[in-house]
Structures are given as structure tokens and as C-alpha cells.
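Residue-level listing of the chains:
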Amino acid sequence: MKKYLLAGLALLMSLCAQPVRKPTHQTANAPAEVAACQTLQKHGRLDEARTCFQGLTRNPNPYLRAEGLWGMESYTDANNQFKISAAADQKNAELRVRWGLLFLERFNAQEAGNLFNEAIAIDKDYAPAYVGLARLSAQGFSPKAVEFAQKAIELDPKLVEAQELLAYLALEDSDPDKAAKEADKAIAMSPEALDALAVRATIDLLDDKPGKEWLDRIHQVNPVYGPAYSTAGHFFVLNRRYQEGIAFYRKALELSPRLWEARAQLGINLMRLGEEDEARTQLEQCYENHYRNAEVKNSLTLLDSYKKFKTYKTATTILRLDKREADLLYPYFQSEIDRALRIYQDKYQVKLNVPVQVEVYPDHEDFAVRTMGMPGLGALGVTFGTVVAMDSPSGRTPGSFHWASTLWHELSHVYVLTATKHRVPRWFTEGMAVYEETAISPDWGDRLDPQAIDAIEKKKLLPVAQLDRGFIRPTYPAQVIVSYFQAGRICSYISQKWGYNKLLDMMHGYADVKTTPQVIQESLGLSAEEFDKQFLAWLEAQTKGTVEHFAEWKKSVKDVAAALKAKNYDEVIKEGTRIRDFYPDYVENASVYEMLADAYQEKGDKKKATLELEKYSSTGGRSPRLIKRLAALEEEAGDKRKAAATLERLNFIYPEDDELHKRLGDLLMAENNVPGAIREYQAVLAAKPLDQAASHFQLAKALRQANRLDDAREEVLLSLEAAPGYKPAQQFLLEISK
């Protein structure tokens, strides 16, 4: 299972993401009565606009009543009037688009899409219907959004809102030059294209310019146009500049206190940065005013769930763990956080001035709330400034998740974002994080997977200057996964060819707000285009064997599996050893390593079985069953130290296993690693074993070995409390009481 993407993530975002878009009350081809109210609203004459909309609610035409009720924020009544109007006028495309936009504004994407498509069925050339589909697609960062907006412009070259949306989408694609050109087209169509002006202002603001020219023009049209600042907030958050994004959402609300989507985003981003009290206040205001999209409801539910968590604080860290597993996980997580912070501070030459907060969620749905509405983020971990949220190992299938690798990945983001003041393209910070996973240990991180093999073979990798697009608006299902892989390999290539310090030079270049082509030219001395050529040649040479033999490997691995099922072990060994190194990175279910180990063991050759499982483990295999099997073979061969090291690796994958901790504790005791044994025996107890007496007794013996006699006495008394007649504990108590 890939670390960076769950199959349902795109669907989750498409259903739940509510980035701040332009108000749906502005539309082309509106009836004169509606257009009059919209014009007042657009120019910030809100009291007059409200009076105008209120007048429409008394109109005998149900469509106009619907528009009036919508303008009065009476959404349920507006929906009912649209329904009446649509039943009476079944060939009105405009009506269906307006009704669809109401649904889109009120969090019902499916009904909105149905209505936009109904409008197209009525009139295939009705451009506003394609704008509706574009806005719907944009909520999930789908590339279809651009296609639909372009279709709308083709049908109606003067449709300002379609042109404005193209500018917005180009900026989401990290292409400010194109966004500026698209925005200028909209402004040429109408000097009052407020959202195009907002895009123009945002481009300047992202570039640390004041944006005054564009903001002044907005204020001349509408002095209380909050969406201009919520647009900026959206893009600053998208670029992980959360504090600045929050400031823009506050400014939006100063101008437009009833801009609920901006208030919701303010609350969600405050929550992301650990400002939970104010986040709750903002989100509750949304909820009380009937702005109850999935983000608002789920975030409030998550805030309520925090009472189930236990918080550990040090001078440099805040660790939040579910109370049900806190005692078990705390020693492992705290140790790795502390180790990562020490190493990263030295590597990145950055000292953090606030504690790092790590939140660990056993319920993946709680974690998903943290990532909602953000494109291209990891499915198992996410970083917001100095706050890291991630899945617990208990929330994933055993063996599918390397929690320590995820933790180091996310903590790398903390340092890179801090060092660059959050001015860094997504590909670079993700590439650095992927690189760091295997830098700390070669068996960590993810391997070359079939999606990346396919992308290399079919030349689908993006130029480095455009690599961010693979994270933001992927054009094929696996592109986010492939983009993580490519970004990580780019950083590996740079480190290998030019040295790690060049990655630091690039990081500092991004801190100076330079583009990727500029950073590559200045740091590496070649153009981005030349870099692409050299990198691809290096990558293709590295992966040549696997890419060329992949089709043969896929076919032959099925033959090996069939031979194993038929107990034809000689054939398994013959064919397995032939194809294993065609694709050595494959360590998922039914790997060739596992099948060879099975065959060798069935033939009584435990030494070769052990060698295959050691290759599996060192390559990054994560199955607890196979890792424990390897440790058993190593222990049986008399190599307890190696067996202990093998089981230690499993602690970073799936520590929720009391058998693991008992076996590892015994091996560590045999190797006189008493502190390690104490840790493991304490983990056994934290897992609440059935045999409390024996578990407390085992810990007591280890504590005595460490000369911690008072602690040993306490543990043996707990053993006797669990089983008063337990003779080994009785005898031990007498021994340590002398």
C-alpha cells in the first residue's frame, strides 16, 4: 500500500473541499429584476441589495421568488421555489444552472452536477452550465475544471465569470504568469471583474508585493468586498503560508462578516496551527448560522474528540496520543521525535523557535478531517507549519504503514517550511521529505512501484519546473504517487551528483522567492531543461532493468505462485531466483522473496530461507508475520543480536503487538541490553496482556538487573496483586527484600 495516497482521497476532497470561490449570486444572462439586485450586491450596497432581494420574494414568479429567497439566505425556501419553477418550466437551462449553483453553495455537489448536466441536455451550447461544472470540478482540484471553463469561453467568448475562473485555476496550478494573462482578459471584458482583480492582487501578495493597484480598483467597485481577501487566504494556505492566510481571512471577515466560507476556513486553519479555542469559536459561529458543510461539522466533532487524547509536553515538543494507546506508543514516538529534531536541526541548520506538535490519530476518519480540502497531501501524514497530524499504526492494517518513516517525512516539512518561510514549491519540500526517509535508514520509505514504472516507461514524468502540477491537479489517477516518487529521486540525484549542501543551497534560494528554473541555474549551474535531461538519463539507467523486464516479471511471478501452490519447490527456486532481481523493490504481498523462503524452508534449507527473508527485510518489506519469522530463524541459528535487530525494526512498523515486545524483551535481556528490555516489558504491560502476573514479574526482573530495586519491588507487588499465589514472584520478593 502506498504511503502517500489512499484510493478514496480524491473522492473525499471532491465531496468535502470548499475552497472560497466567487459568490454564486453573480451570473450572466440574469433576468433584469435579479440583475438589479446583483448589481447592488456587487457594488457593496448591501442594505439596498437586501431590500431588492426581499422584494423578489413577493413576486408571483417562483423563479424570481427563489432568487430573492437565496439573496436573503433562506436556502431551504429558495430550493423549494426553484423546484416549483423547474417543474413548470422543464426546458429552461438557465433556471437549472441557477438551482445547481444554489446546491453547490450549500454543499450538495451531486445534485449540483445533476442540474448542470440537465441544463446541457436542454441546451448543449449553454456556456454558464459549463462554468457550473468547472466550479464543481475545481472543488476537487480536478483537471476537468480547466476543460469545462475553456469550453464555456469557446461557447461565449465574453463570459467574464468563465475567464475569471481560468485565472483562478491557473494560479492554483502554480502558474502566476498564465493566471495574470487570464485575469487581464477578464478585466478587459469588464473593469469590474472583481475576482480577476483579486487574482491579480493575490499574485502580487504571494510575491511579497502590496497589490495596492488591484486592491484599490476592487475597493472602488465594492469597498466591502471580502472575497478579494478570502481569495488571497485560499492561495496562501494552498502554498502552506498558513499564518498569512489566516490574516487574509480575518481581513475578509472585517469587510464581510457574513462571508461564512471565509469564517469556516479561518477556523479550520486556526485548528491546523493548534489554536483550538478560537478555531472552535469561529466554527461554532458558522454552524449556528447554518453554514454546516462537511469541514465545519467534522472539525467540530474532531475538536470534541480531543478529550479522548493525552498530551505530553517538553520544551521542544507537544505529543498528543489517544488515551487508549498512549502508554504503549509514547516511548517510541517521543524518542523518534527527539532524535529527528536533533538530526534535522543539524542537517538543515535551522533552530525552531516554537515547539513541534505531533498528533497521532487511531481513527483515520479523524485524521482525514485534518487534510480535508488540501490537494496532493499525504494520506497518512500532513504538516501545517509546526503542527504534524498523522495516523497511528493501530489505524492501519499491520504491515501497510511505517509510522516512523511517516513521522520523519512530516518533520522534514517542518524544517524546510521554516527555513524557507513557507516559500517553497511543493515538489521540493515533498522531495526532500521522501529523500530523508531513506537517508535515515535504507529500508524506510517506499520502493519503486508499478505506477512509477509505468510513468517512466511511457515518458509521463513532468519537467521539474512543472512538477508542482502533479500534486495540485493530477491528469491521471496515479500522478500524485508518481510525483512523490519523482521529487524524491530528484533530491537523491542532486545529493549524489552535487552533494547534500546543494539541496540546502536550493532551499535558501527558495527562501529568497526564486523560481525553480532560477534556483537550479544558480545552485547547480545549468538550465532546468538541461537538468531534466540529465536527471531522466540517470533515472532511466537506475530503473532500466526493472522497466525492461516488468512485463515478463508480472507473468512469471504468477507461474512461481502456481508452482508454490503445487508444492513444486524446485521450480519455485529455479524460476524465482531467475526473476527476483528483475524487480527487487517489490516487497508487497506474495513477493518473490517470500515464495523463495517458503520453498527453501520446505526443502529444509533454513539458511537460504533466512537469506531470502533478510533481503526482503533490508529492501523494505514490512509484513509483521514475515519479520517475526525471520527473527525466529535468526534466533534458532544462534544469532540473538541479529534477531533482536530484526524485531526492533518491527517496532517502527506495528508496535501494537504484545508478542513482539515479549520476544524482543527476552532477546535484549539475553544480550544484556537492560534499558531496551525494560522498555519492551513496559510495552507488554501497556498492551494490557491477559497474564498480568507474569508480565509484571518479567519487568521486575529487568528492573533489578538495572539496580532499580524500588521499581522492581513495586512491579513484583503488582504481580502478586494480580496472582497472590504466583510462586516465582513470591520468591523474587523475598530475594530483593533481603
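This is a predicted model, so every value here is computed, not measured.

What counts and how
- Residues numbered from 1 in each chain as written.
- Predicted model: local features only at pLDDT ≥ 70, side-chain atom pairs only at ≥ 80, totals over all residues.
- Heavy atoms only, no water.
- Pairing = 2+ DSSP bridges.
- Helix = DSSP H or I, 4+ residues; strand = E, 2+ residues; numbered from the N terminus.
- Axes fitted to C-alpha atoms, helices over the stretch in contact; angles between N-to-C directions.
- Contact = heavy atoms within 4.5 Å.
- Disulfide = S-S within 2.5 Å.
- Core = buried A, V, L, I, M, F, W, Y, C linked by side-chain atoms within 4.5 Å.
- Buried < 20%, exposed > 50% of the residue type's maximum accessible area, 1.4 Å probe, protein only.
- pLDDT = per-residue confidence, 0-100.
- Phe/Tyr/Trp six-rings, centres within 6.5 Å; stacked < 30°, edge-to-face > 60°.
- Lys NZ or Arg CZ within 6 Å of the ring centre and 35° of its normal.

## Here we look at the sheet that holds strand 5 (residues 387-391)
Phase 1 of the analysis: Taken in spatial order, the five strands of this open sheet run 1-2-3-5-4, and their pairing is mixed. Each having just a single partner strand, strand 1 (309-313) and strand 4 (381-384) make up the two edges of the open sheet. Recorded for the sheet is a direction-independent mean angle of 15° between the axes of neighbouring strands.
Phase 2 of the analysis: With four bridges connecting them, strand 4 and strand 5 associate as antiparallel partners. The partner of Thr383 across the bridge, within strand 5, is Val388.
Phase 3 of the analysis: Where helix 19 (residues 326-348) meets the sheet, its contacts fall on strand 1, strand 2 (317-322), strand 3 (356-361) and strand 5, and the angle it forms with strand 2 comes to roughly 155°.

## Describing the state of the cysteines
Phase 1 of the analysis: Scanning the entire structure with this criterion turns up one disulfide.
Phase 2 of the analysis: One disulfide bridge connects Cys37 with Cys52, the sulfur atoms lying 2.0 Å from each other. Here the disulfide of Cys37 and Cys52 is left-handed, its torsion about the S-S bond being about -75°. With Cys37 in helix 2 (residues 32-42) and Cys52 in helix 3 (residues 46-56), this residue pair connects regions lying 15 residues apart in the sequence.

## With respect to the nonpolar core
Nonpolar side chains tend to gather and get buried jointly when the protein is soluble and globular.
Phase 1 of the analysis: Among the nonpolar cores identified, the biggest contains 106 residues, and Phe82, Val199 and Ile218 are the most heavily contacted of them.
Phase 2 of the analysis: Once residues lying within four places of it in the same chain are set aside, the contact partners of Ile218 are Leu194, Leu197, Ala198, Tyr225 and Ala228.
Phase 3 of the analysis: One finds Tyr312, Val388, Met432 and Ile579 within the second-largest nonpolar core, a separate group that totals 105 residues.

## Concerning the confidence of the model for the protein
Phase 1 of the analysis: Looking at the protein as a whole, its pLDDT mean stands at 92, while 95% of the residues score no less than 70.
Phase 2 of the analysis: The spread of mean pLDDT over the elements of the protein runs between helix 1 (residues 9-16), the lowest at 32, and helix 30 (residues 592-602), the highest at 98.
Phase 3 of the analysis: Across residues 1-26, confidence stays below pLDDT 50; counting only partners more than four residues off in sequence or on other chains, it has 95 contacts.

## Describing the packing of aromatic side chains
The geometry of two aromatic rings is summed up by the distance between their centres and the angle between their planes.
Phase 1 of the analysis: This structure, assessed with the given rule, holds 37 aromatic pairs.
Phase 2 of the analysis: Ring geometry for Phe428 versus Tyr510: centroids 5.2 Å apart, planes at 50°, classification tilted. Placement of the pair is Phe428 in helix 22 (residues 426-440) and Tyr510 in helix 26 (residues 500-511), with a sequence separation of 82 residues.
Phase 3 of the analysis: In this arrangement the basic side chain of Lys251 is found over the ring face of Tyr229, its NZ or CZ atom lying 5.7 Å from the centre.
Phase 4 of the analysis: Taking the ring centre of Tyr287 as reference, the NZ or CZ of Arg292 above it sits at 4.0 Å.

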